[in-house]
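Survey of secondary and tertiary structure
One letter stands for each residue in the lines below.
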Amino acid sequence: MYRQGDVLIVALAEHAVPEHARAAMGEKRDGRGRLVLALGEVTGHAHAIAGPGRLIREAGAFGPMLLHLPEGGRVVHEEHAAIGLPKGWYRVVRQREYVPGSVRVVAD
Amino acid sequence: MTRNLSATTETSIETTPRDWRAVAAATGSGDRTAAEAGVRLAYTRAGLAEPERIVWAASPLAAVELLTSGSIAPGAPVREAVRNGPWAAERARLHTALGTNGYSAHWRATGADLWDLTNSVVERIRAGVIDAAAGDRKRERQIRVLLLDAVLGQHEAAWLSAYDTAPGHPLDGVAAVAAQAGWWWPYAKVAVITERPLELHRDEAGRLDRGDGPALAYADGFVLHAWRGMPVTAEFLDSLRSLTPQRIREEENAELRRVMLEYYGYDRYLTESDARPLHRDETGILWRIALDGDEDVVMVEVVNSTPEPDGAYRTYWLRVPPTTRTAREGVAWTFGLGADIYEPLQQT
């Protein structure tokens, strides 16, 4: 389990990976060829991974998302130190905040 | 949860490489000549004669006032032919090519996120125009109908991003207007087109947000105020400058009180209220503010592990459910986890 600012990356056991995720094509990469785990609307700052891998969006606008890194990878962000991730599957969770009556997503 | 994503859902459809997020958020005057050319092209694509006149207005409110003033005779609305028809045809074509699952995967990969963001701004503008222009019920009905005739210019960006809008394609005219202008009203004889706003202020999540002025402002003075997406009045924002902890405690509207607390600063409020932390551990500090007649505000104070350029560590505050008992439980909740599971190996 790794935290970079408002994003938590949780290792997922091989047997817990949904079958449809293994076959899915995954999200498009951004203009710089990166997988974007979360994007700040105004600054454009992103939690992102360059190397090989796939990001698969599950239900809901902000995920959870699944991340597959067959060779491991490195998550970078403009305001946070990079984090190295071993190869494998991960669940990507965006931080949220309690609002009476609802819940809202945090963006840093 | 039964969505079936398969290898056949590859999104190989060409979309025009244009930064549609930037289009949706653009401010200031665009290229009027290019916008007008886009309007004429959209009429031509729809099989209509070009409009006799193209009239500019400074804001959606100004356009609505012009169209209800009786000073122009624009003819029948042609939004259906100019926008909806070509869009429906393109959508059907793409849907046939990709299938239902493929189409929804394509939409998620292109316009879906931007749609949510832009739509909330569009709804605010609609409500703001109705507020500012409506008088009696009859006029309000007239304005609501008129708003349905509008093509949303730059605010069409989300769905346009899912299609090929390069020159020669059915949506090229609508896309060309979107790249240069705000909302526009196509009628048989006249098209009324509006300038983009002069100012747009949003928070990192993309919601309208500004503490010291309008979050959205047009050249004619049509403005909208908002705090982290929540509509507020100019008077309320002004009142924030002279806030006191007592004034915050006395506010009866829970949403406005939340805005007051955010503006004033949780840390400052806690200091001035002599608050004591509920709990402290290596994940952060848990605080509580008791409020009369409302549930307690319970917050975790979290520290970023990467220092800022000046060497300081940025602290941020997240509200958590009032039942939270420990800082770890609070931070774990913000990631949807239980306190017993939350254990980052590394954090930055």
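Cut-off values and rules
- Residues numbered from 1 in each chain as written.
- Chains lettered and ligands numbered in written order.
- Predicted model: local features only at pLDDT ≥ 70, side-chain atom pairs only at ≥ 80, totals over all residues.
- Heavy atoms only, no water.
- Helix = DSSP H or I, 4+ residues; strand = E, 2+ residues; numbered from the N terminus.
- Buried < 20%, exposed > 50% of the residue type's maximum accessible area, 1.4 Å probe, protein only.
- Contact = heavy atoms within 4.5 Å.
- Areas by Shrake-Rupley, 256 points an atom, 1.4 Å probe, with all protein chains shown as cover.
- Lys, Arg positive; Asp, Glu negative; His and termini not counted.
- Charge placed at Lys NZ, Arg CZ, Asp CG, Glu CD.
- Phe/Tyr/Trp six-rings, centres within 6.5 Å; stacked < 30°, edge-to-face > 60°.
- Pairing = 2+ DSSP bridges.
- Axes fitted to C-alpha atoms, helices over the stretch in contact; angles between N-to-C directions.
- Buried area = accessible area lost by both parts, 1.4 Å probe.
- Salt bridge = Lys/Arg side-chain N within 4 Å of Asp/Glu carboxyl O.
- Polar contact = N/O pair within 3.5 Å; in protein donor to acceptor, adjacent residues only side chain to side chain.
- Nonpolar A, V, L, I, M, F, W, Y, C, P; charged D, E, K, R; others polar.

1. Regarding the overall build of chain B
The secondary structure content of chain B amounts to 13 helices and 13 strands. By its C-alpha atoms, chain B is 70 × 55 × 40 Å across when sized along the principal axes. Burial status across chain B gives 50% buried among its 348 residues. Residue pairs at least 24 apart in sequence account for 59% of intrachain contacts in chain B once pairs closer than 6 positions are excluded. For chain B, the computed accessible surface area is about 16200 Å², with 50% contributed by carbon and sulfur atoms. The distance from the centre of the 38 positive side-chain charges to the centre of the 49 negative ones in chain B is 4 Å.

2. Side note on the packing of aromatic side chains
Residues and elements named next belong to chain B. In total, this model carries 10 aromatic pairs over all chains according to the counting rule given. A ring pair is formed by Trp287 and Trp317, whose centres lie 6.1 Å apart and whose planes are at 40 degrees; its orientation type is tilted. With Trp287 in strand β10 (residues 284-289) and Trp317 in strand β12 (residues 315-320), this pair connects stretches of sequence that are 30 residues apart. Summarising the burial analysis for this pair, Trp287 and Trp317 share the class buried. Where Phe335 meets Tyr342, the ring centres are 6.0 Å apart and the plane angle is 15 degrees; that geometry is what we call stacked. For the pair Phe335 and Tyr342, a shared accessibility class is recorded, and that class is buried. Through successive ring pairs, a cluster of aromatic residues spans Trp87, Trp159 and Tyr163.

3. Things to note about unusual backbone geometry
All names here are of chain B. One non-glycine residue, Arg228, lies in the positive phi region at around 45 degrees. Looking at the element boundaries, Arg228 is found in the loop between β7 (226-227) and β8 (230-231). Classification of Arg228 as partly exposed rests on a relative accessible area of 32%.

4. Some points on the pairing of strand β7 (residues 73-77) of chain A
Residue and element names in this part refer to chain A. Where strand β4 (residues 46-49) and β7 come together, 2 bridges link them in antiparallel fashion. Note that in β7 the partner of Ala48 across the bridge is Val76. Inspection of the sheet shows β7 paired to strand β8 (residues 80-85) by 4 bridges, in the antiparallel sense. Looking at β8, one finds that Gly73 is bridged to Leu85.

5. Some details on the sheet that holds strand β9 (residues 279-281) of chain B
Residue and element names in this part refer to chain B. Judged by pairing direction, the sheet is antiparallel, and its 4 strands sit side by side in the order β9-β10-β11-β12 without closing on themselves. Each having just a single partner strand, β9 and β12 make up the two edges of the open sheet. Going across the sheet, the axis of each strand differs from the next one's by a mean of 20 degrees, ignoring polarity. The sheet contact formed by β10 and strand β11 (residues 297-303) spans 5 bridges and is antiparallel. When the bridges of β11 are listed, Leu286 appears paired with Val300. Lying on the sheet, helix α13 (residues 327-334) is in contact with β9, β10, β11 and β12; it crosses β12 at an angle near 85 degrees.

6. A look at the interface of chain B and chain A
With 51 residues of chain B at the contact, the number on the chain A side is 43 residues. Here chain B packs against chain A, burying approximately 4100 Å² in sum over the two surfaces, 51% of which is carbon and sulfur. Three residues, Glu204(B), Phe335(B) and Thr348(B), lead the burial of chain B against chain A; their summed loss comes to 19% of the area buried on that side. Counting across the chain B and chain A interface gives 1 salt bridge. Across the salt bridge formed by Asp113(B) and Arg57(A), the nearest N and O atoms sit 3.5 Å from each other. At the boundary of chain B with chain A, the tally comes to 17 residue pairs in polar contact (both at pLDDT 80 or more). Contributions of two or more residues to the side of chain B that touches chain A are made by α4 (79-109), α5 (112-133), α11 (254-264), β11, β12, α13 and β13 (346-347) of chain B. With 5 residues, β12(B) is the single largest residue contributor to the side of chain B that touches chain A. Among the residues making up the side of chain B that touches chain A, the classes are represented as 21 nonpolar, 13 polar and 17 charged. Both strand β1 (residues 2-4) of chain A and β13(B) contribute to a ladder of 2 bridges, which runs parallel.

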